[in-house]
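# Survey of secondary and tertiary structure
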2 protein chains.
Amino acid sequence: MARLNLPKKARQRELMERLKADPFLTDEELSDIFHVSVQTIRLDRLELGIPELRERIKSVAERNYEKLRAIGGQEIVGELIEIELGKSGISILTPTEDMVFEKTKIVRGHYIYAQAESLAIAVIDAKVALIGVANIKYKNPVYLNDKLVAKAEVVRQRGNKYFVWVKTKVNYQEAFRGKFILVSMDDEQ
Amino acid sequence: MARLNLPKKARQRELMERLKADPFLTDEELSDIFHVSVQTIRLDRLELGIPELRERIKSVAERNYEKLRAIGGQEIVGELIEIELGKSGISILTPTEDMVFEKTKIVRGHYIYAQAESLAIAVIDAKVALIGVANIKYKNPVYLNDKLVAKAEVVRQRGNKYFVWVKTKVNYQEAFRGKFILVSMDDEQ
DNA sequence: CTACTTTTAGTATCTGGTATTAATAATAGC
DNA sequence: GCTATTATTAATACCAGATACTAAAAGTAG
């Protein structure tokens, strides 16, 4: 057999990329792809510090389990660091790689929006609240690793309608502001 | 030893819930929790049709690999089904369990927003676009499994500014509308 | 006490590895 | 050409977390 293929370094580069694209490949599948023995693949992984299949899968699972919390399932996007129910609240969100546009590293608007919206909902002292109308301005682009500090204030309440202002700052500079009108859906009318 | 604990049925119910909450538990850890032997746990899993740890982790990893595409890393939230660059576009999003409030099953606003925003960006025929100002109205609550049809139209263009209206309908009824002002950041000014 | 269900134990086997040692093949140096 | 070095393959022992199967023991109901 011998190696009919790539020299070591090139193979290892390829290997890294392959696994980045698809972390679900076993050593055996990889050995087929590169036409080398399984042992060679293992040696390569060892040199490159790439963990075994199961660990890779596990870390994908765990990472995404957290991501769920970040944007998906949880009640609030960002970390709630202060709250006075019915009055005001502050939350912090540090955008990660997956929240930005690849080319520009500018944070996708809906993450900023999501932080603001969920903060607005959190400060309302009611069982369930729902957005009615939102009026929004994005002032400045926000970049990867900028720290988004959102501050919400309830400015008016009329019946089951709440008017909440949320201002988000990056380095004390306003990056976003939004006016949310929330409708409480408490069972006691 | 014997069983100092739950009868079979109750244990199996508990087991299901435990694994739902934390799919990373091994049979051995479970046998500790319930004070039964590993074999009993395996029998339970067999009866309940719950796959082994590795399969569970794998499915979490795979599922969330897709979810990443849904809200996180990808360029567009929802499925782009028609597009005329610079003019209009339509996208469809069917909200899943993880996009709704647990109690009410109402879709969290930022998913509706994200669909609209990303559609607005998609219709602009420019390398990178960024939200300037958005003016938004949520007309009606949207529920789990409702089919969100978002339609975007470029209504005006001035220099590198684009005005895009996005209307989202559920069952031909308007559920959301938003006005987006996008700023193109093309390198050819 | 017997019949049946539930639980536990034990053994063989599987996958996808780690870790280690040793042999073989390829390539470079001179 | 021969040797030193590097790269590759092979072989073996071991591990976690299982499946699949058989059998025994414990518990429970009639």
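Here goes a summary of the coordinates provided. (Residues numbered from 1 in each chain as written. Chains lettered and ligands numbered in written order. Predicted model: local features only at pLDDT ≥ 70, side-chain atom pairs only at ≥ 80, totals over all residues. Heavy atoms only, no water.)

Taken together, 16 residues lie near DNA strand C, and Leu53 and Arg54 of chain A together with Arg11, Ser37 and Thr40 of chain B sit nearest. Of all atoms in DNA strand C that approach within 4 Å of the protein, 67% are sugar or phosphate atoms. For DNA strand C, a sugar or linking oxygen lies 3.5 Å from a polar atom in the side chain of arginine 42 of chain A. Within the side chain of lysine 8 of chain B, one N or O atom sits 3.5 Å away from a phosphate oxygen of DNA strand C. (Near = heavy atom within 4 Å. Polar contact = N/O pair within 3.5 Å; in protein donor to acceptor, adjacent residues only side chain to side chain.)

Moving on to the pairing of strand S5 (residues 161–170) of chain B. Residue and element names in this part refer to chain B. The pairing of strand S4 (residues 148–158) with S5 spans nine bridges and is antiparallel. In the strand pairing of S5, lysine 151 is matched with lysine 167. Where S4 folds back onto S5 in an antiparallel hairpin, the turn is made up of two residues, including glycine 159, whose phi is positive at roughly 60°. Sheet topology places S5 next to strand S6 (residues 173–184); ten bridges connect them, and they run antiparallel. Counted as the bridge partner of valine 166 is glycine 178 from S6. Linking S5 to S6, which pair antiparallel, is a turn of two residues; within it asparagine 171 sits at a positive phi near 55°. (Pairing = 2+ DSSP bridges. Helix = DSSP H or I, 4+ residues; strand = E, 2+ residues; numbered from the N terminus.)

The subject of this paragraph is the protein's contact with DNA strand D. Neighbouring DNA strand D are 17 residues; Arg11, Ser37 and Thr40 of chain A together with Leu53 and Arg54 of chain B lie closest to it. Sugar plus phosphate, as a fraction of atoms of DNA strand D within 4 Å of the protein: 67%. The separation between a sugar or linking oxygen of DNA strand D and a polar side-chain atom of arginine 54 of chain B is 2.8 Å. Every element with two or more residues in the surface near DNA strand D is listed here: helix H1 (8–21) and helix H3 (38–48) of chain A together with helix H3 (38–48) and helix H4 (53–72) of chain B. Within the surface near DNA strand D, the residues separate by chemical class into four nonpolar, four polar and nine charged. (Nonpolar A, V, L, I, M, F, W, Y, C, P; charged D, E, K, R; others polar.)

It is worth spelling out the packing of aromatic side chains at this point. Under the definition given, this model contains five aromatic pairs over all chains. A ring pair is formed by tyrosine 113 of chain A and phenylalanine 180 of chain A, whose centres lie 5.9 Å apart and whose planes are at 50°; its orientation type is tilted. You can see tyrosine 113 of chain A sitting in helix H5 (residues 109–123) and its partner phenylalanine 180 of chain A sitting in strand S6 (residues 173–184), a full 67 residues away along the chain. Phenylalanine 180 of chain A shares its class with tyrosine 113 of chain A; the two are buried. Through pairs of rings, three or more aromatic residues link up here, namely Tyr113 and Phe180 of chain A together with Tyr113 and Phe180 of chain B. Stacked on the ring of phenylalanine 163 of chain A, the Lys or Arg arginine 156 of chain A has its end atom at 4.5 Å from the ring centre. (Phe/Tyr/Trp six-rings, centres within 6.5 Å; stacked < 30°, edge-to-face > 60°. Buried < 20%, exposed > 50% of the residue type's maximum accessible area, 1.4 Å probe, protein only. Lys NZ or Arg CZ within 6 Å of the ring centre and 35° of its normal.)

This next bit is on the side chain of arginine 56 of chain B. Residue and element names in this part refer to chain B. Mapped onto the secondary structure, arginine 56 falls in helix H4. The buried charged residue arginine 56 lacks any salt bridge, with aspartate 27 as its nearest oppositely charged partner at 4.9 Å. Among the polar contacts made by the side chain of arginine 56, one reaches the main-chain carbonyl oxygen of proline 51 at a distance of 2.8 Å. Discounting residues that sit within four places of it in the chain, arginine 56 has contacts with Leu19, Pro23, Leu25, Arg45, Ile50 and Pro51. (Lys, Arg positive; Asp, Glu negative; His and termini not counted. Salt bridge = Lys/Arg side-chain N within 4 Å of Asp/Glu carboxyl O. Contact = heavy atoms within 4.5 Å.)

Here the focus is a positive patch on the surface. Residue and element names in this part refer to chain A. Together, Lys137, Arg156, Arg158, Lys161 and Lys179 give the surface a local cluster of positive charge. Mapped onto the elements, arginine 156 comes out in strand S4 (residues 148–158). Judged by its relative accessible area of 42%, arginine 156 falls in the partly exposed class. (Patch = residues over 30% accessible without salt bridge, like charges linked within 9 Å, V, L, I, M, F, W, Y side chains within 5 Å. Areas by Shrake-Rupley, 256 points an atom, 1.4 Å probe, with all protein chains shown as cover. Charge placed at Lys NZ, Arg CZ, Asp CG, Glu CD.)

A few words now on the pattern of salt bridges. Side chains bearing opposite charge may pair, as long as their charged atoms lie close to each other. Taken as a whole, this structure holds 20 salt bridges over all chains when the rule is applied. Between glutamate 174 of chain A and lysine 139 of chain A there is a salt bridge; the shortest N-O distance is 3.5 Å. Taken together, the residues glutamate 174 of chain A in strand S6 and lysine 139 of chain A in the loop between strand S3 (129–138) and S4 connect sequence positions 35 residues apart. Its relative accessible area of 18% is what places glutamate 174 of chain A among the buried residues. Look at lysine 139 of chain A and you get partly exposed, because its relative accessible area is 42%. Across the salt bridge formed by aspartate 27 of chain B and arginine 45 of chain B, the nearest N and O atoms sit 2.8 Å from each other. Linking aspartate 27 of chain B in helix H2 (residues 27–34) with arginine 45 of chain B in helix H3, this pair joins segments that are 18 residues apart in sequence. Take aspartate 27 of chain B: its relative accessible area is 8%, and that puts it in the buried class. Classification of arginine 45 of chain B as buried rests on a relative accessible area of 11%. Because the salt bridges share partners, they merge into one network encompassing Asp27, Arg42 and Arg45 of chain A.

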